[in-house]
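In case you want the letters, here they are:
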Amino acid sequence: MFDRRSFLLAGAASGALAPLLARAASADPAGALDALLASFAQADLVRSPQEATSLGLDVGALAPQRSRLAASSLAAFARDKADIAERVARLKTIDRAALGGMAAVNYDTVAYVYEGEAEANRLFDYGGTGAGRPYVISQLTGVYQSVPDFLDTHHPIETPADAEAYLDRLGAFASVMDHEREVARHDAALGTIPPDFILERTLGQMRKLAGTPADSSILVASLARRAALKNIPGDWRARAAAIYEKTVLPAVGRQIELVDGWRAGASRDAGVWRLK
């Protein structure tokens with residue numbers, strides 16, 4: 001069965017993209033499918049720097065990804081929705097009836113995923129892209145929780161360049177939170193506000209982050225600790241603390257202000273049937 005993670009590793013990591021693309025020029029439908037899926041995988045790595053890092057593929061041509069975070073703005077989501085619709089159309093240019101074996105399985109699996117996502121994008125103008133996540137900020141969703149965990153557990157610290165890339169990502173964290181706040185404000189205008197008990201838990205988590213001083217923050221400590229373990233010279237703790245205090249904490253505060261403002265009109269009903 002088609003596995004996206006295995007495909008990314010097999011295609012991008014092994015340098016197999018060029019041969020696959022060459023096969024697309026032939027009349028072989030299976031080769032054309034391989035090349036198309038490879039192009040999708042490569043585009044995903046460019047669009048999602050965190051995924052590139054998590055898979056160990058932020059090297060070579062993708063090395064700049066190690067200093068970036070994925071965009072989370074309304075414009076980025078609109079672009080992603082258009083891209084999914086385009087992928088569905090591009091898949092249809094391949095003769096499905098001419099495919100057999102694993103090529104057929106791969107085609108059907110990818111088509112099923114993309115067609116479902118495209119339909120969700122058509123139906124729902126909130127929650128980012130796809131379906132299954134109506135709230136971009138909640139106790140389970142939001143970059144306020146995903147980025148700190150990612151930086152601590154996935155961003156490598158082996159060289160001075162890695163440490164500098166960490167600081168770049170820490171600096172970008174505030175911008176990503178602000179972009180996400182605009183998405184959440186857009187969604188709230190459509191009536192997509194989490195129920196009150198979710199808001200309370202979300203605010204509790206956010207306030208815990210906002211109330212953590214730089215010296216105790218995992219965002220600061222992770223870089224300082226791992227740079228020390230690798231004997232990387234530099235005052236990484238102080239530099240990370242400065243970014244944390246000047247940009248990250250104010251951005252968290254802006255998200256708290258937004259979410260807190262929803263409480264008065266929030267429903268106690270958890271059912272998503274109440275959403276458009």
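If you're wondering where the values come from, they're calculated on a predicted model, not measured in any experiment.

*Asks:* Run through the overall build of the protein, naming residues and quoting values.
*Replies:* Scanning the protein from terminus to terminus reveals 11 helices and zero strands. Secondary structure elements of the protein, listed N to C terminal, follow the sequence α-α-α-α-α-α-α-α-α-α-α. Dimensions of the protein, computed from C-alpha atoms along their principal axes, come out at roughly 60 × 55 × 25 Å. Looking at the protein residue by residue over its 276 residues, the buried ones come to 45%. Long-range contacts, defined as pairs at least 24 residues apart, comprise 74% of the intrachain contacts of the protein with a sequence gap of at least 6. Surface accessibility of the protein: about 13,300 Å² in total, with carbon and sulfur atoms responsible for 57%. Averaging the positions of the 31 positive and the 33 negative side-chain charges in the protein gives two centres separated by 2 Å.

*Asks:* Report on the packing of helix 8 (residues 160-189) against helix 10 (residues 218-229), specifying residues and quantitative values.
*Replies:* Closest axis-to-axis distance for the helix 8/helix 10 pair is 11 Å, and the angle between their directions is 175°. Classified by the angle their axes make, helix 8 and helix 10 are roughly antiparallel. Each of Ala-163, Tyr-166, Leu-167, Leu-170 and Phe-173 in helix 8 lies in contact with helix 10, whose residues at this interface are Ile-218, Leu-219, Ser-222, Leu-223 and Arg-226. Tallied by class, the residues present in the contact of helix 8 with helix 10 amount to eight nonpolar, one polar and one charged.

*Asks:* Summarise the nonpolar core; cite the residues concerned and give the values.
*Replies:* As a rule of thumb, nonpolar side chains are buried together in soluble globular proteins. Counting residues in hydrophobic clusters, the biggest one holds 44 residues, and the most contacted among them are Phe-173, Met-177, Leu-219, Leu-223, Val-248 and Trp-262. Of all the elements in the fold, those that place two or more residues in this core are helix 7 (143-153), helix 8, helix 9 (196-210), helix 10 and helix 11 (236-261). Counting residues per element, this core draws most heavily on helix 8, at 11 residues. Residues in contact with Leu-223, not counting those within four places in the same chain, are Ile-157, Ala-163, Tyr-166, Leu-167, Trp-236 and Ala-240. Core analysis: the next-biggest nonpolar cluster, separate from the first, contains 15 residues, Ala-103, Ala-104, Ala-111 and Tyr-114 among them.

*Asks:* Give me the packing of aromatic side chains: which residues, what numbers.
*Replies:* Given two aromatic rings, their pairing is described by the distance between the two centres and the angle made by the two planes. Scanning the model with the defined rule gives two aromatic pairs in all. Ring centres of Phe-40 and Tyr-114 lie 5.6 Å apart, and the angle between their planes is 75°; on these two criteria the pair is classed as edge-to-face. Separated by 74 residues along the polypeptide, Phe-40 in helix 3 (residues 29-47) and Tyr-114 in helix 6 (residues 101-123) bring together distant segments of the chain. On the basis of an interplanar angle of 50° and a centroid distance of 5.8 Å, the ring pair of Phe-124 and Tyr-126 is categorised as tilted. By relative accessible area, which is 27% here, Phe-124 ends up partly exposed.

Definitions and limits used
- Residues numbered from 1 in each chain as written.
- Predicted model: local features only at pLDDT ≥ 70, side-chain atom pairs only at ≥ 80, totals over all residues.
- Heavy atoms only, no water.
- Helix = DSSP H or I, 4+ residues; strand = E, 2+ residues; numbered from the N terminus.
- Buried < 20%, exposed > 50% of the residue type's maximum accessible area, 1.4 Å probe, protein only.
- Contact = heavy atoms within 4.5 Å.
- Areas by Shrake-Rupley, 256 points an atom, 1.4 Å probe, with all protein chains shown as cover.
- Lys, Arg positive; Asp, Glu negative; His and termini not counted.
- Charge placed at Lys NZ, Arg CZ, Asp CG, Glu CD.
- Axes fitted to C-alpha atoms, helices over the stretch in contact; angles between N-to-C directions.
- Parallel < 35°, antiparallel > 145°, perpendicular 65-115°, else oblique.
- Nonpolar A, V, L, I, M, F, W, Y, C, P; charged D, E, K, R; others polar.
- Core = buried A, V, L, I, M, F, W, Y, C linked by side-chain atoms within 4.5 Å.
- Phe/Tyr/Trp six-rings, centres within 6.5 Å; stacked < 30°, edge-to-face > 60°.

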